[in-house]
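Residue-level listing of the chains:
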Amino acid sequence: MEKEMKKAKAPKVLDIKEATSCDATAQMLKKAERDGVETAFHRANTMKACPIGADSACCKHCSMGPCRLNAKDPYGKVGVCGATIDTVQARNFARMVASGAAAHTDHGMSMLDVFREVVNGNIADYSIKDPIKLEEVAQSIGIETEDRSVEEIARDLYEELERTYIQVEGEIPFAKRVPEKTLETWRKQGVVPRGAMREIMELMHRTHMGVDQHYENITKQCSRTALADGWGGSMVATEISDILFGTPTPVKAEVNMGCLKEDEVNIIIHGHEPNLFESMLASVDDPTLIKAAQEAGAKGINLVGMCCSGAEMLSRHGIPHAGNFMSTEAILITGAVDAMGVDVQCIKQGLGKVAECYGTKLFTTNPRCHIEGVEHIEFHEHTPRECTDSIVENAIVRFKNRTLPIEIPNIRNAGIHGFSHEYINYMLGGTFRASYTPLNDNIINGRIRGVAGVVGCTNPRVKQDWVHVEMVKELIKNDVLVVQTGCSQISLAKAGLYTPEAAHLAGAGLREVCETVGMPPVLGLGSCVDNSRILIATAEMVKAGGLGESIADLPVAGAAPEWMSEKAISIGHYFVASGVYTVFGVTFPIVEDTRFHKLLFEGLEEMGFGKWGFAADPHEMAHLMIAHIDKKRKALGIDKARERVLMDMADRQKLEAA
Ligand code: NFS
């Protein structure tokens, strides 16, 4: 083993208890140290974040610099070209939005490519699994569905949705789903997106040296671009994936590293685009491959997901999920992973080294994502099985040749996943009156104080999962219903909050609703592109009535407590631009006491949007959100109802106790 580990560096001392609250990951970090293997946790421990970059006080957009401004005296200095701190920060922030939006919209476009080829009959491995969803999406953007075939509707839908990307003028199709008053604000502010390609291109242009040098004007294009992600690229990714692979409905499933099986061939899919995973599902069900696995001495083939690909498959099919972003290296340390296939986004380059240490076969599959030293098996949507079958075959070979000892943390957490916005509708409204009215009623009568979307990454700069879990517990304790996606959903699932029994952790009002419906106090909606489900849910809440006329009126808030990626910034900004107060943790890449900071944290709200917030402490973060929800309740005149309901409950509890 020593010999095989020779390439790994000896890690410096890491306080594992402070690094993660995930017991399985902690167990694997201890093993990593015994094995002499380094992970992102160790690197974050020894690499101090650049303080100038962390404040976004550095500009490297041209070679007259890079220029460093002074975060402590932000207006004391300007860049060589004269750029102020506001320009520098706004440009840096804008490029994060552009990159994040590009990632989501490119993912959405890949889904649309598959959809087009399915509709044209050029792909046989996928089909339209959910024609009802197809009709609903088509109707929502004004496509005639009455007496028309699935093919006809699908063809029109493709053409319409293609505009989400390539349209040079006019509003994107899903703008039709935005509540009228919210759309009015967007039109007034000039931020209704055209096509994503145009918005991202313009944002990159504007942030080039010597173009847009007014932070307010840059922010305007940030909003337009971010909205092209949320109501555009991400929403297309979700809706098309539902149409092709099925809309999620509640499903019982397990998460955590204990989902690996020592006596089976273990394959992990990690990344973002569901077409790879869907094809892998077909491969692991193939009798020939199962037989090959058995002949190699395995009991079977065990397919497990990680990160957002995993969250999507967990929601849609109940496929077990092994862990979130900060556990992707850790799981390889089990020695039990025979193959890991990755496609795009959130794939650490460090995986290559760890996989090599444990003999795990790691494969990149997408032309957009190669990793030096890692084998590439290209995935083609016209012949998807060529790639996924080959990964399975490689995994079987590795299983057969396993030599290193295996240690799988014996931890699995069962829960209910797979809540689409359609299902929330049905669950709360019932078959015959499916609508958001019962949710709104429960908010109006005060049982539910408000709704919070808690999403996003895990980040080695904070204790893994801890910020997510503490914050969500505080929210539900205060009767805030929590909806989730991505890595955050997995953090809470590992903490056991995805069971209906977890309702006992909720305040009396939320608990009563959960117990009546039989739902957990925390609802998982899937992957990060599925944050678009939260947008649609907010639009439905406005439509159902009684909670104001725009998204900005709703008693809702959002958070990404352990964010790390540019995609998270794009998501945060599209929620803000849609009208939602959105709080981020870890760090915020802007110097306080600058005009740009004031615009994001106050000014946008005055213009009819939502606004940004920041706190590193999970309880403080939760209470910022709760205070905002209460402010909105007051503005709606429903603050008294909650006092009444709590009084009634106290009386009832007294009676019950007597
Ligand atoms: Ni979204 Fe962060 Fe990545 Fe998914 Fe996880 S890290 S922004 S949650 S896997 S995209």
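All of these numbers come straight from a predicted model, not from anything done at the bench.

K.L.:
Could you give me a rundown of the coordination of the nickel atom of the ligand, with the residues and numbers involved?
P.N.:
Exactly one protein atom donates to the nickel atom of the ligand; that atom is Cys-528 (SG), 2.3 Å from the metal. Tracing the backbone shows Cys-528 in the loop between strand E13 (522–524) and helix H21 (531–544).

K.L.:
Before we move on, could you go through the domain arrangement of the chain and cite the residues and values that matter?
P.N.:
Under the domain assignment used here, the chain contains domain 1 (85–245), domain 2 (251–400) and domain 3 (422–636). Taken over C-alpha atoms, the centre of domain 1 sits 30 Å from the centre of domain 2. Taken together, the contact pairs 17 residues of domain 1 with 16 residues of domain 2. Of the roughly 1,300 Å² buried at the junction of domain 1 and domain 2 (both faces included), carbon and sulfur atoms supply 51%.

K.L.:
Could you give an account of the packing of aromatic side chains, with specific residues and numbers?
P.N.:
Applying the stated criterion across every chain, the model contains twelve aromatic pairs. Ring plane angle 75° and centroid distance 6.0 Å describe the contact between Trp-186 and Trp-231, whose orientation is recorded as edge-to-face. Taken together, the residues span a long stretch of sequence, with Trp-186 in helix H8 (residues 180–189) and Trp-231 in helix H10 (residues 215–245) at a distance of 45 residues. Taken individually, Trp-186 and Trp-231 each receive the classification buried, so the pair is uniform in this respect. A connected cluster of aromatic rings, assembled from ring pairs, spans Phe-93, Trp-563, Phe-584, Phe-588, Phe-596, Phe-601, Trp-612 and Phe-614. Of note, Lys-348 hangs over the ring of Phe-325, and the distance from its end group to the ring centre comes to 4.0 Å. Against the face of Tyr-581 rests Lys-611, its NZ or CZ located 5.2 Å from the ring centre.

K.L.:
Lay out helix H22 (residues 566–578) in plain terms, naming residues and giving numbers.
P.N.:
Note that an α-helix has 3.6 residues per turn; residues three or four places apart therefore point the same way. Its 13 residues give H22 an end-to-end C-alpha distance of 18 Å, which sits within 8% of 18 Å, the value for a rise of 1.5 Å per residue. Extensive coverage of H22 is indicated by the burial of twelve of its 13 residues. Turning to H22, its buried residues are Lys-567, Ala-568, Ile-569, Ser-570, Ile-571, Gly-572, His-573, Tyr-574, Phe-575, Val-576, Ala-577 and Ser-578. Of the residues one or two after H22, Gly-579 is the one with positive phi, at around 120°.

K.L.:
Pulling in residues and values, what's your account of the site of the ligand?
P.N.:
Taken together, 13 residues surround the ligand, and among them Cys-308, Cys-346, Cys-457, Cys-487 and Cys-528 come closest. Elements represented by at least two residues in the shell around the ligand include exactly helix H13 (307–317) and helix H19 (486–494). Across the shell around the ligand, the residue classes break down as eight nonpolar, four polar and one charged. Domain assignment of the residues forming the shell around the ligand places at least three in each of domain 2 (251–400) and domain 3 (422–636).

K.L.:
Outline the packing of helix H5 (residues 85–119) against H10, supporting the account with residue identities and numerical values.
P.N.:
Where H5 meets H10, the axes come as close as 8 Å, and the angle between the chain directions of the two elements is 20°. Taken as axis vectors, H5 and H10 run roughly parallel relative to one another. Considering how the two elements wind past one another, H5 and H10 form a crossing that is left-handed. Of the residues in the contact of H5 with H10, the class split is 21 nonpolar, ten polar and three charged.

K.L.:
Go over the nonpolar core, please, and point to the residues and values.
P.N.:
Within the largest apolar cluster, 164 residues are counted, with the highest numbers of intra-cluster contacts made by Phe-93, Phe-115, Trp-231, Ile-267 and Leu-475. Among the elements that line this core, the one with the most residues is H5, at 14 residues. Apart from the residues within four sequence positions on either side, Trp-231 is in contact with Ile-172, Phe-174, Arg-177, Val-178, Trp-186, Leu-535, Ala-539, Ile-551 and Ser-578. Counting 33 residues, the second-largest nonpolar core is a separate cluster that includes Met-257, Ile-331, Val-354 and Cys-369.

K.L.:
Break down the pairing of strand E11 (residues 450–454) for me, citing the residues and quoting the values.
P.N.:
Of all the five residues making up E11, five are buried; the element is thus mostly covered by neighbouring parts of the structure. Side chains Gly-450, Ala-452 and Val-454 project from E11 onto one buried face, and the interleaved Val-451 and Gly-453 project onto a second face that is buried too. Sheet topology note: the E11/strand E12 (residues 480–484) ladder contains five bridges and is parallel. Among the inter-strand pairings, Gly-450 is bridged to a residue of E12, identified as Val-480.

K.L.:
Tell me what's going on with the sheet that holds strand E14 (residues 556–560), and back it up with residues and numbers.
P.N.:
Taken together, six strands build an open sheet; the order of strands is E13-E12-E11-E14-E15-E16 and the sheet is parallel. Each edge of the open sheet is held by one strand with a lone partner, namely E13 and strand E16 (612–614). Geometrically, the sheet is characterised by an average inter-axis angle of 25° between neighbouring strands, direction not taken into account. Helix H24 (residues 618–636) rests against E11, E12, E14, strand E15 (581–584) and E16 of the sheet, and its axis sits at about 175° to E15.

K.L.:
Go over a negative patch on the surface with me, naming the residues and quoting the values.
P.N.:
Negative charge collects at one region of the surface, where Glu-135, Glu-136, Glu-144, Glu-146 and Asp-147 lie side by side. Residue classification places Glu-136 among the partly exposed residues on the basis of a relative accessible area of 38%.

K.L.:
Account for the pairing of strand E8 (residues 361–364), with residues named and values stated.
P.N.:
Relative to E8, strand E7 (residues 339–342) runs parallel, the two sharing four bridges. If you follow Ala-339 over to E8, its bridge partner there is Lys-361. Each parallel crossover has a hand, and for E7 linked through helix H14 (residues 351–358) to E8 it is right-handed. Here two bridges tie E8 to strand E9 (residues 375–376), and the two strands are oriented parallel to one another. Across the sheet, residue Phe-363 finds its bridge partner in E9, namely Glu-375.

K.L.:
Describe the environment of Pro-561, listing the residues and the values that go with them.
P.N.:
Looking at the element boundaries, Pro-561 is found in the loop between E14 and H22. Residue class for Pro-561 comes out buried when judged on its relative accessible area of 0%. Put simply, Pro-561 and Glu-592 are 31 residues apart on the chain and 19 Å apart in space, counted from C-alpha to C-alpha. Setting aside residues no more than four positions away along its own chain, Pro-561 makes contact with Val-454, Val-455, Val-467, His-468, Met-471, Gly-585, Val-586 and Met-621.

K.L.:
Just give me the short version of the environment of Ala-154, but keep the residues and values in it.
P.N.:
Relative to the assigned elements, Ala-154 resides in helix H7 (residues 150–166). Sequence separation of Ala-154 and Ile-143 is eleven residues, and the distance between their C-alpha atoms is 9.9 Å.

K.L.:
Describe a nonpolar patch on the surface, with residues and values.
P.N.:
On the surface, a cluster of nonpolar side chains totalling about 260 Å² of accessible area is made up of Met-64, Val-80 and Met-209. With respect to the helices and strands, the residue Met-64 is situated in the loop between strand E1 (58–59) and strand E2 (67–68).

K.L.:
Which residues make up the packing of H21 against H22, and what values do they have?
P.N.:
The packing of two helices is summarised by the inter-axis angle and the distance between the axes. At a minimum axis distance of 11 Å, the contact between H21 and H22 shows a crossing angle of 5°. Judged on the interaxial angle alone, H22 and H21 are roughly parallel. Two secondary-structure elements touch here, H21 through Asn-531, Ser-532, Ile-534 and Leu-535 and H22 through Ile-571, Tyr-574, Phe-575 and Ser-578. Here the residues of the contact of H21 with H22 sort into five nonpolar, three polar and no charged.

K.L.:
Which residues make up unusual backbone geometry, and what values go with them?
P.N.:
In this structure, the amide linkage connecting Gly-65 to the following residue, Pro-66, adopts the cis form with an omega of -5°. Along the chain, Pro-66 falls in the loop between E1 and E2. Even without being a glycine, Asn-256 presents a positive backbone phi close to 105°. Structurally, Asn-256 is set in the loop between strand E3 (251–255) and strand E4 (265–270). Using a relative accessible area of 4% as the deciding quantity, one classes Asn-256 as buried.

Quick notes on the rules
Residues numbered from 1 in each chain as written. Predicted model: local features only at pLDDT ≥ 70, side-chain atom pairs only at ≥ 80, totals over all residues. Heavy atoms only, no water. Donors = N, O, S within 2.8 Å, 3.2 Å for Na, K, Ca; no water. Helix = DSSP H or I, 4+ residues; strand = E, 2+ residues; numbered from the N terminus. Domains from an automatic or database assignment. Contact = heavy atoms within 4.5 Å. Buried area = accessible area lost by both parts, 1.4 Å probe. Phe/Tyr/Trp six-rings, centres within 6.5 Å; stacked < 30°, edge-to-face > 60°. Buried < 20%, exposed > 50% of the residue type's maximum accessible area, 1.4 Å probe, protein only. Lys NZ or Arg CZ within 6 Å of the ring centre and 35° of its normal. Expected span 1.5 Å × (residues − 1). Near = heavy atom within 4 Å. Nonpolar A, V, L, I, M, F, W, Y, C, P; charged D, E, K, R; others polar. Axes fitted to C-alpha atoms, helices over the stretch in contact; angles between N-to-C directions. Parallel < 35°, antiparallel > 145°, perpendicular 65-115°, else oblique. Left-handed = near helix turned anticlockwise from the far one by under 90°. Core = buried A, V, L, I, M, F, W, Y, C linked by side-chain atoms within 4.5 Å. Pairing = 2+ DSSP bridges. Patch = residues over 30% accessible without salt bridge, like charges linked within 9 Å, V, L, I, M, F, W, Y side chains within 5 Å. Areas by Shrake-Rupley, 256 points an atom, 1.4 Å probe, with all protein chains shown as cover. Salt bridge = Lys/Arg side-chain N within 4 Å of Asp/Glu carboxyl O. Lys, Arg positive; Asp, Glu negative; His and termini not counted. Charge placed at Lys NZ, Arg CZ, Asp CG, Glu CD. Right-handed = clockwise from strand over helix to strand, strands pointing away.

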